[in-house]
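Here is how the chains run, residue by residue.
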Amino acid sequence: MLTDRENISEMMQTTLDQATDPWGVKVERVEVKDVRLPPQLQRAMAAEAEAAREARAKVIAAEGEQNAAVAYAEAADIMAEEPGALQLRYLQTLNLISAEKSSTIVFPLPLADMGLDQITKPFGGGGAGDTGHAGLVHRGT
């Protein structure tokens, strides 16, 4: 009834015209202005509207996830083509993390990647169990 007020008004106009024409009375306009609904029907309509909103929100969220997945796949393809791109992204992320709050960031760096693997060999590095990660070795005199 709420969504079809105009049709209801037209039907009422037709019915009133049929009843009043024999008397010579013309009804100019009929409008449905105020409709009172029982509380139970109001609750049911509110629940239906909420379910529809939740369904739309889920569809929007799913579309966002799909768009993000496509963007990540494209970014991965681009980074795979450029060897330095991943390192730059890594550094950008570190910069972003350090800008937010005062933070301590600890990350392992393979010495071989930095060209420093030769430095640790005199101190016992480079053996069979060596991982190539930075570390301090102190030997007593």
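About the thresholds
- Residues numbered from 1 in each chain as written.
- Predicted model: local features only at pLDDT ≥ 70, side-chain atom pairs only at ≥ 80, totals over all residues.
- Heavy atoms only, no water.
- Helix = DSSP H or I, 4+ residues; strand = E, 2+ residues; numbered from the N terminus.
- Buried < 20%, exposed > 50% of the residue type's maximum accessible area, 1.4 Å probe, protein only.
- Contact = heavy atoms within 4.5 Å.
- Areas by Shrake-Rupley, 256 points an atom, 1.4 Å probe, with all protein chains shown as cover.
- Salt bridge = Lys/Arg side-chain N within 4 Å of Asp/Glu carboxyl O.
- pLDDT = per-residue confidence, 0-100.
- Expected span 1.5 Å × (residues − 1).
- Arc of directions from axis to C-beta.

1. Considerations on the overall build of the protein chain
Here comes step 1: What the protein chain contains, in helices and strands, is five helices and zero strands.
Here comes step 2: Traced from its N-terminal end to its C-terminal end, the protein chain shows the element sequence α-α-α-α-α.
Here comes step 3: In the protein chain, buried positions account for 8% of the 141 residues.
Here comes step 4: Within the protein chain, counting contacts between residues at least 6 apart in sequence, those at least 24 apart form 21% of the total.
Here comes step 5: Accessible surface computed for the protein chain: about 12400 Å², of which carbon and sulfur atoms make up 58%.

2. What about the pattern of salt bridges?
Here comes step 1: Summed over all chains, the structure comprises one salt bridge.
Here comes step 2: Linking Asp 17 and Lys 26 is a salt bridge whose minimum nitrogen-to-oxygen distance equals 3.3 Å.
Here comes step 3: Judged by relative accessible area, which is 54%, Lys 26 ranks as exposed.

3. A short note on the confidence of the model for the protein chain
Here comes step 1: The predicted model of the protein chain has a mean per-residue pLDDT of 77, with 72% of residues at 70 or higher.
Here comes step 2: The least confident element of the protein chain is helix α5 (residues 117–120), whose mean pLDDT is 51; the most confident is helix α2 (residues 39–81), at 94.
Here comes step 3: Below a pLDDT of 50 lies the segment residues 122–129, which in the model reaches six contacts outside its immediate sequence neighbourhood of four places, other chains included.
Here comes step 4: Every residue in residues 132–141 scores below 50 in pLDDT, and together they form 13 contacts with partners more than four places removed in sequence or on other chains.

4. Quick word on helix α1 (residues 5–20)
Here comes step 1: Between its first and last C-alpha, α1 extends 22 Å over 16 residues, near the 22 Å set by a 1.5 Å rise per residue.
Here comes step 2: Among the residues of α1, Ser 9, Gln 13, Asp 17 and Thr 20 are the ones counted as buried. Projection of α1 onto a plane perpendicular to its axis shows the buried side chains occupying an angular sector of 80°, all on one side. Turned more than 90 degrees from where α1 packs its buried face, Met 11, Thr 15 and Gln 18 sit exposed.

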